[in-house]
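# Breakdown of the fold
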Amino acid sequence: MSKKYIAEIVPLNSEVIGTKAHGKAVFIEEGDHLNIKIDMFDTPANMQHWEHFHGFPNGEIAQIATKEQDVNHDGFVDLPETEAVSGTTMVPFDNAPHHMHIPSDNYPISDDKGYFSYEINVPLNELQKKFKEVFGTDDLELDKRVIYVHGVPQDFKLPDTVAGEVGCYDTHVTLPIAVGKIVEVNEC
Ligand SMILES: [Cu+2]
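Sequence order sets the numbering: in each chain, residues are counted from 1 along the sequence as written. Restriction of local features to residues with pLDDT of at least 70 applies here, the model being predicted, together with a cutoff of 80 or more for giving and counting side-chain atom pairs; totals for whole chains, interfaces and linings are based on all residues. Only hydrogens and water are removed before side-chain values are computed, so all heavy atoms of the structure are retained for them.

## Some words on the sheet that holds strand β5 (residues 88-92)
In this description, strands pair whenever DSSP reports at least two bridges between them. Think of it this way: any DSSP run of H or I at least four residues long counts as a helix, any run of E at least two long counts as a strand, and we number them from the N terminus. Read from one edge of the open sheet, eight strands run β5-β4-β7-β8-β1-β2-β3-β6, paired in antiparallel fashion. The sheet is open, and its two edges are formed by β5 and β6 (116-123), each paired on a single side. The mean inter-strand angle of the sheet, taken between neighbouring strand axes irrespective of direction, is 25 degrees. We call two residues in contact whenever any of their non-hydrogen atoms come within 4.5 Å of each other. Working convention: axes come from line fits to C-alpha atoms, limited for helices to the stretch in contact. Angles between N-to-C directions cover 0 to 180 degrees. Against the sheet, helix α2 (residues 79-86) engages β4 (51-55), β5, β7 (146-150) and β8 (176-185), with an angle of about 170 degrees to β7.

## A word on the coordination of the copper ion
Here the copper ion is held by the protein donor atoms His52 (ND1), His54 (NE2) and His150 (NE2), which lie 1.9 to 2.0 Å from it. Each donor residue of the copper ion lies on the same chain, and together they follow the pattern H-x1-H-x95-H. Categorising residues by exposure relies on relative accessible area from a 1.4 Å probe, with only protein chains included: less than 20% of the type maximum marks a residue as buried, more than 50% marks it as exposed, and the intermediate range marks it as partly exposed. On the accessibility criterion, His52 (2% relative accessible area) is buried. Because no water is among the atoms considered, metal sites can look incomplete, with donors defined as N, O and S atoms within 2.8 Å of the metal, or 3.2 Å for Na, K and Ca.

## Describing the pairing of strand β1 (residues 3-11)
Judged from the seven bridges that link them, β1 and strand β2 (residues 22-30) form a sheet pairing that is antiparallel. From the neighbouring strand, Ile9 faces β2, where its bridge partner is Gly23. Where β1 and β8 come together, six bridges link them in antiparallel fashion. Pairing of Tyr5 across the sheet is with Glu184, part of β8.

As structure tokens, this is what we get:
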């Protein structure tokens, strides 16, 4: 039996970045594969966008961040500020989600209209095995997760109060631009 999940992805930080990134994700778990399709519109154009699901390893249900999470009131909800409601970065939607290698240049690139379409078929048991190594459980619990899309251009002026460097990647790469709650849908 297959399982299907979707996420309606809504803008975050749009007032300050000047574009309302939005889109949709569809996850279909069937047999030994997880098929993932993400379509994004109106993201900052012509650049790579990190995207992942985030969540709480303890099974708490993640919620999407809103303006409320801008606890230092600098106008930006940065990556560390999302953690209170959304948990931690878990699985990347890059060219190999089952490797769970977060900092990389293997994420999708938006076109000159800010659109990108991402699709991948992930070997589910490999992803579950890696997920267990990192988080101690092989249950992805997609219905308790949220999806984030990140990234503004390097020349975009971000205040020094914006945090969230990951490895050698700076806050332009990790700034959240859109977020969506993943929900299971019953198709019968
Ligand atoms: Cu993320």
